[in-house]
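# Chains, contacts and geometry: an overview
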Amino acid sequence: MKRFSVFAIAREAMRQHSGWSRTWANPQPKKSYEVIIIGAGGHGLATAYYLGKNFGITNVAVIEKGWLGGGNTGRNTTIIRSNYLQDPSAAIYEKSRSLYENLSQELNYNVMFSPRGCMMLAQTQHEMRGYKRTAHANSLQGVKTEFIDPERIKQLCPIMNVDGPRYPVLGALWQSRAGSARHDAVAWGYARACSEMGMHILQKTEVIGVTQEAGNVTGVETSHGHIECKKLGMVVAGHASVVAEMAGFHLPIESVPLQALVSEPIKPCMDVVVMANTVHGYMSQSDKGEMVIGGGTDGYNAYTQRGSFHHLEETVRALIETFPMISRLKMLRHWGGIVDVTGDRSPILSKTPLGQTFINCGWGTGGFKAIPGSGWAFAELMAKGESPLTAEFGLDRFSAGRFVDESVAAGVAH
Amino acid sequence: MLMLNCPYCGINKDETELSAGGEAHIKRFGPGSSDQDFEEYLFGRANPKGLHFERWRCSSGCGKWFHAARCTLTLEVFGTYEAQTLEPPQRIKESITAKRPGWSWRAFS
């Protein structure tokens, strides 16, 4: 695999770009692997990458029923932040955000990480108190955030109407090192690095069963036959319950659609990420100029990857009051992803009732920002059987009643 | 938009007039039960990709709770029925069997 560099571009420019190699290999499945990861989205590929990089485990297959990064990795609004209230959440999300900072250099693949800053608007007195509390908690956790007033908000984001009659902006929780990245590039960059280490990424290979013997996993049944493994990692987001069912256990998870949409491209007008949790809306501007808008989740379980129209309507209606200039924008595309929501809105990175089987799910509406940190921690959990970053996110927290309660702490949007 | 018929009002309602209440027919485990049963009652969800029995409330109508059998992948509704029951009535089971032969869901089939 050739390294990308300015010299490589110059060399290829001289020979009509005929020397670029494929980004990742497309191998035939082997009979057995040491580790199988189900799901070649961001989290699955990051897990495989850190298994190889941090623990030297490279006899790994990442199995994907569709195409690489075609699930929620390609369907999110690319917000990266770590301003969470609870200590375990702040720890894993901050680890993730800090890994994002050098990810392009590390993977030799431009993930276009842009630490442009993210503000979460306080539009009610309740949110004012909540975000001030979060700002204090963040300073104790070593996560740099601050609570800012409407004047500063107006400076950072001039297109915002802070005096709206219905949704006035009273303040905001500001994280200057938060931002966004190119979602596909994160998956592609990890895939390229995994492929370079000799791992197999098996696309269009659907897992249809999990085989076990004496309480331990022995492999998976796929649409391309049985593949053996010593350890299994399930990293399938919205379909976590479906795969868990194959292994014979239930999860405390419900799957619902979450929608997003983008506008036609316009000139640069907004260089920060804004989240408005009272109205379930968040917006940023992509490098192409499109306004990227995310909404709230649907109210009922579904696997439809589209969602209900009235949720979009509510999101856009509220955002237009906060950003009057977007009222005449045409919307280009709209889509939905299936998110796996837990009762306490915190992820599950855990051993499972089936031996040598691990699960990474429950990221709900906020998985993209967590990709590097989740992969880092889950790889450690799979390799060593424990990880300080995942200690509080076990499945046993539901029977113990030891929740990491972000549903109240972080507001609704993730 | 998802449309459901409230079995009490008898009126077709769209989802904005209703509130979803999650999985139906969950067996309640109270004091004296094992931790595992209690956890399964509180948090364990089938969350299937396909047939799902669920609770809804006619929140901007009669206010009553009712049950629905629905496919979570196609949003096809197999029928709605009153909530005062421990398992789906025979007509709902038949309506599902007509479209999804050989279905099963937890203890029902």
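For the structure itself, look to the data block above.
Fair warning: this is a prediction, and the values are worked out from it, not measured in the lab.

Take the overall build of chain B next. Within chain B, the regular secondary structure consists of two helices and six strands. Tracing chain B from N to C terminus, the helices and strands come up as β-β-β-α-β-β-β-α. Its C-alpha atoms give chain B a radius of gyration of 14 Å, near enough to 13 Å, the size a compact globule of 109 residues would have. If one aligns the C-alpha atoms of chain B with their principal axes, the spans along those axes are about 40 × 35 × 25 Å. Going through the 109 residues of chain B one by one, you find that 26% of them count as buried. Sequence-distant contacts in chain B: of pairs separated by 6 or more residues, those separated by 24 or more amount to 46%.

Time to look at the sheet that holds strand β6 (residues 77–82) of chain B. Residues and elements named next belong to chain B. With antiparallel pairing, the four strands of this open sheet are ordered in space as β3-β4-β5-β6. Two strands close off the open sheet at either side, each with one partner strand: β3 (19–23) and β6. The sheet shows a mean angle of 30° between the axes of neighbouring strands, taken without regard to direction. Here seven bridges tie strand β4 (residues 51–57) to strand β5 (residues 65–71), and the two strands are oriented antiparallel to one another. Paired with L51 across the two strands is C71, which belongs to β5. The strands that helix α2 (residues 90–99) touches are β4, β5 and β6; relative to β6, the one it contacts most, it runs at about 175°.

With that out of the way, let us pick up the environment of A400(A). All names here are of chain A. Position of A400 among the secondary structure elements: in helix α11 (residues 397–400). A residue is classified by how many C-beta atoms lie within 10 Å of it, and A400, with 11 of them, is exposed. Taking the C-alpha atoms as reference, A400 lies 24 Å from V243; in sequence the two are 157 residues apart.

To continue, consider the sheet that holds strand β13 (residues 273–276) of chain A. Residues and elements named next belong to chain A. Reading across from one edge, β5-β6-β4-β13-β14-β15-β12-β16 is the order of the eight strands in this open sheet, with mixed pairing throughout. Among the strands making up the open sheet, the edge pair consists of β5 (146–148) and β16 (331–342). Neighbour to neighbour, the strand axes of the sheet diverge by 20° on average, direction disregarded. Note that β13 and strand β14 (residues 281–285) share three bridges and pair antiparallel. Counted as the bridge partner of A276 is G281 from β14. Packed on one face of the sheet, helix α5 (residues 125–141) meets β4 (118–122), β5 and β6 (171–175) and runs near 25° to β6. The strands touched by helix α9 (residues 309–322) within the sheet are β12 (253–263), β13, β14, β15 (291–297) and β16, with β15 carrying the most contacts at an inclination of about 125°.

Turning to the environment of R402(A), a few remarks are in order. All names here are of chain A. Position of R402 relative to the elements: it lies in the loop between α11 and α12 (406–409). On the basis of neighbour counts, which here come to 11 C-beta atoms within 10 Å, the residue R402 falls in the exposed class. Along the backbone, R402 and E392 are 10 residues apart, and their C-alpha atoms lie at a distance of 8.2 Å.

We now examine the packing of helix α3 (residues 87–101) of chain A against helix α10 (residues 371–384) of chain A. Residues and elements named next belong to chain A. Contact geometry for α3 and α10: axes closest at 6 Å, N-to-C directions at 115°. Classified by the interaxial angle, the pair formed by α3 and α10 is roughly perpendicular. You can see that α3 and α10 cross each other, and the crossing is right-handed. Only I371, P372, G373, S374, W376 and A377 of α10 make contact with α3, whose side of the interface consists of I92, Y93, K95, S96, L99 and Y100.

For the rest of this paragraph, the subject is the pairing of β14(A). All names here are of chain A. The buried fraction of β14 is high, at five of five residues. In β14, alternate side chains face the same way, and those of G281, M283 and Q285 on one face and Y282 and S284 on the other are all buried. In this antiparallel pair of consecutive strands, β13 and β14, the connection spans four residues, and H280 shows a positive phi of 55°. One ladder, built from four bridges, connects β14 with β15; its direction is antiparallel. By the bridge assignment, M283 is partnered in β15 with I293. Counted between consecutive antiparallel strands, the loop separating β14 from β15 contains five residues, among which G289 sits at a positive phi close to 105°.

On to the environment of P150(A), then. Residue and element names in this part refer to chain A. Note that P150 resides in helix α6 (residues 150–156). Taking the C-alpha atoms as reference, P150 lies 42 Å from A191; in sequence the two are 41 residues apart. With residues near it in sequence (within four places) discarded, P150 still touches V162, V169, L170 and G171.

Across the contact, 20 residues belong to chain B and 20 residues belong to chain A. Among the elements of the structure, β3, α1 (35–42) and β4 of chain B are those that each provide at least two residues to the side of chain B that touches chain A. No other element matches the four residues that α1(B) contributes to the side of chain B that touches chain A. Split into classes, the residues belonging to the side of chain B that touches chain A amount to six nonpolar, seven polar and seven charged.

Moving on, we come to the nonpolar core. Formed by 139 residues in total, the largest nonpolar core has its most connected members in I36(A) and V62(A). Dropping the residues within four chain positions of it, I36(A) is found in contact with A61(A), I63(A), V220(A), I227(A), C229(A) and L232(A).

Rules of the game
- Residues numbered from 1 in each chain as written.
- Chains lettered and ligands numbered in written order.
- Predicted model: local features only at pLDDT ≥ 70, side-chain atom pairs only at ≥ 80, totals over all residues.
- Helix = DSSP H or I, 4+ residues; strand = E, 2+ residues; numbered from the N terminus.
- Rg over C-alpha atoms; globule rule 2.2 N^0.38 Å.
- Buried ≥ 20, exposed ≤ 12 C-beta atoms within 10 Å, placed from the backbone.
- Contact = placed C-beta atoms within 7 Å.
- Pairing = 2+ DSSP bridges.
- Axes fitted to C-alpha atoms, helices over the stretch in contact; angles between N-to-C directions.
- Parallel < 35°, antiparallel > 145°, perpendicular 65-115°, else oblique.
- Left-handed = near helix turned anticlockwise from the far one by under 90°.
- Nonpolar A, V, L, I, M, F, W, Y, C, P; charged D, E, K, R; others polar.
- Core = buried A, V, L, I, M, F, W, Y, C linked by C-beta atoms within 7 Å.

None of this, on its own, says anything about what the molecule does.
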